[in-house]
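# Summary of structural features
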Amino acid sequence: MIVSRSVKPLERLKRKTGVENLWLYVLAELSRGEDYPYSLIKRIREDFGVTAGKVIFYVVRQKLEEEGLIRSHYVERRKYFAITEQGREVLRQGISYLKELSERLHIVSGI
């Protein structure tokens with residue numbers, strides 16, 4: 001019983017930094033080069049251990065495109081996505097925020 005209590009906060013942390021921040025992983029993968037949705041979902045799962053359903057991925061992808069952080073184009077019948085310069089800047093800011101948060105946690109906890 002003690003083990004399950006200590007695991008729940010870690011599970012919540014993983015969930016919150018996983019699917020709920022899918023936009024960050026999409027931008028990171030697209031910073032390596034353009035890609036199409038199926039491959040992008042697979043790479044996110046392999047590289048970050050984040051499994052996202054097609055619907056949530058579609059919603060996130062749509063919002064990123066509406067906000068100008070990614071753009072899309074067709075190659076034959078396949079739709080590809082690429083990160084924009086604005087998307088690269090938001091990705092840099094997101095990574096910077098996570099680094100700062102990690103550093104603060106280390107300082108405060110003394111670990």
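Small disclaimer: the values here were computed from a predicted structure and weren't measured.

This part covers the packing of aromatic side chains. Under the defined criterion, the tally for this structure stands at two aromatic pairs. Ring geometry for Tyr-25 and Phe-48: centres 4.7 Å apart, planes at 45°, overall tilted. One end of the pair, Tyr-25, is in helix H2 (residues 22-30); the other, Phe-48, is in helix H3 (residues 37-48), and 23 residues separate them in sequence. Seen from the ring of Tyr-36, Arg-78 lies directly overhead, with NZ or CZ sitting 3.8 Å from the centre.

A word on H3. Look at H3: 16 Å from first C-alpha to last across 12 residues, which is about the 16 Å you get at 1.5 Å a residue. For H3, the set of buried residues is Ser-39, Leu-40, Ile-41, Arg-43 and Ile-44. The inward-facing, buried residues of H3 abut H2 and helix H4 (54-66). Trailing H3 by a residue or two, Gly-49 shows a phi angle of about 70°, which is positive.

This part takes up the pairing of strand E2 (residues 78-83). Pairing analysis gives six bridges linking strand E1 (residues 70-75) to E2, with the strands arranged antiparallel. Bridge pairing links Ser-72 to Phe-81 in E2. The hairpin formed by E1 and E2 contains two residues between the paired strands, and Glu-76 there has a positive phi angle of roughly 55°.

Before going further, it helps to spend a moment on the UniProt feature "domain: Transcription regulator PadR N-terminal" (unreviewed entry) in the protein chain. Mapped onto the present numbering, the UniProt feature "domain: Transcription regulator PadR N-terminal" (unreviewed entry) falls at residues 26-92. A distance of 13 Å separates the end C-alpha atoms of residues 26-92, which is 57% helix and 18% strand.

Turning our eyes to something else, we now look at the packing of H2 against helix H5 (residues 85-109). Relative orientation of the contacting elements H2 and H5 amounts to 120°, with a least axis distance of 10 Å. With respect to H5, the axis of H2 lies oblique. Of the two elements, H2 crosses H5, and the hand of that crossing is left-handed. Here Trp-23, Leu-24, Leu-27 and Ala-28 of H2 lie close against H5, whose contacting residues are Gly-87, Val-90, Leu-91, Gly-94 and Leu-98. The class makeup of the residues in the contact of H2 with H5 is seven nonpolar, two polar and no charged.

About the thresholds
Residues numbered from 1 in each chain as written. Predicted model: local features only at pLDDT ≥ 70, side-chain atom pairs only at ≥ 80, totals over all residues. Heavy atoms only, no water. Phe/Tyr/Trp six-rings, centres within 6.5 Å; stacked < 30°, edge-to-face > 60°. Helix = DSSP H or I, 4+ residues; strand = E, 2+ residues; numbered from the N terminus. Lys NZ or Arg CZ within 6 Å of the ring centre and 35° of its normal. Expected span 1.5 Å × (residues − 1). Buried < 20%, exposed > 50% of the residue type's maximum accessible area, 1.4 Å probe, protein only. Contact = heavy atoms within 4.5 Å. Pairing = 2+ DSSP bridges. UniProt positions renumbered as here; feature names shortened; annotations may be inferred. Axes fitted to C-alpha atoms, helices over the stretch in contact; angles between N-to-C directions. Parallel < 35°, antiparallel > 145°, perpendicular 65-115°, else oblique. Left-handed = near helix turned anticlockwise from the far one by under 90°. Nonpolar A, V, L, I, M, F, W, Y, C, P; charged D, E, K, R; others polar.

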